[in-house]
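A look at the structure
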Amino acid sequence: MNQEVTLGGLTLKNPVLTASGTFGYGLEYDSFFDVAELGGICTKGLSLAPRHGNPPERICETPAGMLNAIGLANVGVEYFCEHKLPTLRERGVTVVANIFASSVEDFVKITERLERSPGVAAIELNVSCPNVSQGGIEFGRDPALCAQVTAACKAVTQLPIWVKMSPEAGDIVAVAKACEEAGADAVTAINTIRGMSIDPSTGRVRLANRTGGLSGPALRPIALRIVWDLVGALRIPVIGIGGVFSAEDALQFLLAGASAVQVGTASFSDPTAASKVRQGIAAYCAAHQLTVSELIGRGRPDSRR
Amino acid sequence: MSHPDLTPLAPRRQITANLARRDSMGPAYHVLTFDVPEGVDARPGQFTMVRGAEWGDAPLLPRPMSYLSGGRRPSILIKVVGDGTTRMARAVPGEPFHLLGPLGNTWPEVTEGKRPVLVAGGVGVAPLLYLARSLAPHGVRPIALYGGRSERDLPMHEELAEVCDLHVTTEDGSRGERGRVTQLLPDLLSGDVEVFTCGPDRMMAAVAALCAPREVRCIASLETPMACGYGVCLGCPVKRAEGGYLYACMDGPCIDAASIDWGDGAAAGGAA
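Residues numbered from 1 in each chain as written. Chains lettered and ligands numbered in written order. Predicted model: local features only at pLDDT ≥ 70, side-chain atom pairs only at ≥ 80, totals over all residues. Heavy atoms only, no water.

All right, on to the overall build of chain B then. Within chain B, the regular secondary structure consists of four helices and 15 strands. Along the longest, intermediate and shortest principal axes, the C-alpha atoms of chain B span 50 × 45 × 35 Å. Counting every position in chain B, which comprises 272 residues, the buried fraction comes to 57%. Relative to all contacts within chain B whose residues are 6 or more apart in sequence, the contacts with residues 24 or more apart total 62%. Roughly 11100 Å² of accessible area belongs to chain B as shown, and the carbon and sulfur atoms make up 47% of that amount. (Helix = DSSP H or I, 4+ residues; strand = E, 2+ residues; numbered from the N terminus. Buried < 20%, exposed > 50% of the residue type's maximum accessible area, 1.4 Å probe, protein only. Contact = heavy atoms within 4.5 Å. Areas by Shrake-Rupley, 256 points an atom, 1.4 Å probe, with all protein chains shown as cover.)

Attention now moves to the nonpolar core. Counting 143 residues, the largest nonpolar core has Phe80, Leu114, Leu125 and Met165 of chain A together with Val195 of chain B as the members making the most contacts within it. The element that contributes the greatest number of residues to this core is helix α4 (residues 201–211) of chain B, accounting for seven residues. Both domains that meet at this core, namely domain 1 (13–103) and domain 2 (115–259) of chain B, each give it at least three residues. Discounting chain neighbours no more than four positions away, the residues touching Val195 of chain B are Val117, Val119, Leu185, Leu189, Val207, Cys211, Val216, Arg217, Cys218 and Ile219 of chain B. Ranked by size, the runner-up nonpolar core spans 26 residues in total, among them Tyr29, Trp107, Ala126 and Ala144 of chain B. (Core = buried A, V, L, I, M, F, W, Y, C linked by side-chain atoms within 4.5 Å. Domains from an automatic or database assignment.)

A few words now on a nonpolar patch on the surface. A grouping of Met196, Ile198 and Val205 of chain A is seen on the molecular surface, where their side chains present a nonpolar patch of about 250 Å² in accessible area. Tracing the chain through its elements places Val205 of chain A in strand β13 (residues 204–205). (Patch = residues over 30% accessible without salt bridge, like charges linked within 9 Å, V, L, I, M, F, W, Y side chains within 5 Å. Salt bridge = Lys/Arg side-chain N within 4 Å of Asp/Glu carboxyl O.)

Turning to the packing of helix α6 (residues 220–233) of chain A against helix α7 (residues 247–256) of chain A, a few remarks are in order. Residues and elements named next belong to chain A. Relative to each other, α6 and α7 sit at 20 degrees, their axes nearing to 9 Å. Here α7 runs roughly parallel to α6, going by the angle between their axes. Crossing handedness for the pair α6 and α7: right-handed. Contact residues: α6 offers Arg220, Ala223, Leu224, Val227, Trp228 and Val231, while α7 offers Asp249, Gln252, Phe253 and Ala256. (Axes fitted to C-alpha atoms, helices over the stretch in contact; angles between N-to-C directions. Parallel < 35°, antiparallel > 145°, perpendicular 65-115°, else oblique. Left-handed = near helix turned anticlockwise from the far one by under 90°.)

Moving on: the side chain of Ser66 of chain B. All names here are of chain B. Mapped onto the elements of the fold, Ser66 is located in strand β4 (residues 63–69). Given the relative accessible area of 19%, Ser66 is considered buried. Here Ser66 is in contact with Gln46, Phe47, Ser75, Ile76 and Pro127, once residues within four sequence places are set aside.

One pass over the structure, following the stated rule, counts nine aromatic pairs over all chains. Ring centres of Tyr25 of chain A and Phe80 of chain A lie 6.1 Å apart, and the angle between their planes is 40 degrees; this geometry places the pair in the tilted category. Here the residue Tyr25 of chain A occupies a position in the loop between β3 (16–18) and β4 (40–42), and Phe80 of chain A occupies one in helix α1 (residues 77–90), the gap between them amounting to 55 residues. In textbook terms, an aromatic cluster arises when at least three aromatic residues are bridged by ring pairs, as seen for Phe23, Tyr29, Phe32 and Phe33 of chain A together with Tyr230 of chain B. (Phe/Tyr/Trp six-rings, centres within 6.5 Å; stacked < 30°, edge-to-face > 60°.)

Before going further, it helps to spend a moment on a positive patch on the surface. The grouping of Arg204 of chain A together with Lys79, Arg149, Arg180 and Arg202 of chain B at the surface amounts to a positive patch. With respect to the helices and strands, Arg149 of chain B occurs in the loop between β8 (143–148) and α3 (157–163). In this structure Arg149 of chain B comes out as exposed when scored by relative accessible area, which is 59%. (Lys, Arg positive; Asp, Glu negative; His and termini not counted. Charge placed at Lys NZ, Arg CZ, Asp CG, Glu CD.)

Residues and elements named next belong to chain A. Counted according to the given criterion, the structure contains four cavities of 30 Å³ or more. What the largest cavity holds in volume is close to 470 Å³. Lining the largest cavity are 35 residues, with Ser20, Gly21, Asn68, Asn191 and Thr192 sitting closest to its centre. Elements with a contribution of two residues or more to the lining of the largest cavity: β6 (65–68) and α8 (266–269). Among the residues forming the lining of the largest cavity, the class breakdown is 15 nonpolar, 18 polar and two charged. (1 Å grid on protein atoms, 1.4 Å probe; cavity = no way out; pocket = protein on both sides within 12 Å on 5 of 7 lines; lining within 4 Å. Points joined across faces, edges and corners; volume = space filled by probe spheres on them. Nonpolar A, V, L, I, M, F, W, Y, C, P; charged D, E, K, R; others polar.)

Attention shifts here to the pattern of salt bridges. Residues and elements named next belong to chain A. In the structure shown here, the tally under the stated rule is 22 salt bridges over all chains. Two residues, Lys109 and Asp106, come together in a salt bridge whose shortest N-O distance is 3.9 Å. With Lys109 and Asp106 both in helix α2 (residues 104–115) and three residues apart, this pair spans about one turn of that helix. Lys109 sits in the partly exposed class, given a relative accessible area of 44%. We note a salt bridge from Asp185 to Lys154, for which the minimum N-O separation is 2.8 Å. Highlighted residues: Asp185 in the loop between α5 (172–181) and β10 (186–189) and Lys154 in helix α4 (residues 143–154), separated in sequence by 31 residues.

Moving on, we come to the sheet that holds β4 of chain A. Residues and elements named next belong to chain A. What the eight strands build is a closed barrel, ordered β3-β4-β7-β8-β9-β10-β15-β16; its pairing is parallel. Strand after strand, the sheet turns through a mean of 25 degrees between neighbouring axes, direction not considered. Pairing of β4 with strand β7 (residues 95–99), which is carried by two bridges, proceeds in the parallel orientation. When the sheet's bridge partners are listed, Ile41 is paired in β7 with Val95. (Pairing = 2+ DSSP bridges.)

As structure tokens, this is what we get:
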């Protein structure tokens, strides 16, 4: 059955992407499976200049999840375009460049750099990183700021713009609608939720950053609820993310109306997780004689097709 | 700064292997040996990410473990510290595990004419024992200093003694000399030796501090938490002497101690 999905003007060969920060720049997974088989990959968040990231400890495991406070360590957009993107393009990988900045001006500069780099299919704006002191989550909480960033980036590129939502926005539907009105082509929901862990044996907070973003299966029901709400409120597509470890998990998001899903922390548990999710969705579609686009939103009582 | 550069890629694979046997040395230390008919080209110093194939959502992440041996019977030495190692310590033969590897770099070649001095703390003995066993066929017999809190924290000391000239310390004096393993080191440091160390960060920081002023090369095998093992999660930074970070998984785990900022002994994460 046809696995293609359409997100605004962009058609993906299937609905499975990998989430930013959990898949490097794509080719790290080359020895495990052919990354080009996926609907796409979202790169590690790219900033204008390279970033060292936070001091250790940066990660710790929690019940059915993990906390991370990497601090957006990355090679920078210039290095990415020069040294990573050409190989991805040669391999036929659909690349979504996830970008991060602490000012609207820098978001625009990064977008401009990507706009003139062949091989980028879409840009995902990270306005919701919980682990940096400037430019992260405060953007994602403020509908006006999100709209401003979205509109400014849209103005300098033909590429589709996706906006990654913070679950900590007070009114996430309002933020998403503001992005939609500002021209966003899709929204991605959700980024991590801030959490903490303390080691009783040492009495110390486990992460140097004190808080970190919670990801993994623990997040899944919250993410699904938010995706459900956003699908009901928006006209643009929603990309579901949060604890997708298996095809069954991914199907929940698609049935809720997400047009695609992102596999994140699961890739750490099993580097072939995204490939297995893709295969599992295809098997489900074959068994139920449904295309993926027929599947999308089928779990909603209001849109049974 | 050093972001793991991923070209060329190491030939790493994830395989499912059954536990062949578990050899317990008291409640805390266990050797897990796996059946891998096709073999694993795992060299001394390299590590593998280990996760029970039937663990489900908890523990969620695989655990990084140095190889104790490679080939068709690859093995690891574990110390029970948390949920993952508790599960491993209860594993029974036939139980399936995902093994992702080989990962990271190897111990560097021992320089011609130098005698290796191995400094091990507790479970850190694993990659050093593998190194010593690989040197034995070449007629190289290292000096080994091995320390623990008590005699219960010296797993595999007999095996180490087979391939090294072994000196043991315990903090409670229950075996060998009372005190810390680093107290034996100054007398051994000369222009004729090279040091290879693996153990708690504080121990390795002390070893590095003894080697540096005497201009003795010291290679440390770092242990830090990590989620992936191949340069993606960026959860394993180690402070670099020149600023920025090295990553234990891709720049290591075997790193020249002089290139690390050991700080207060917590360069690789603080958990000593």
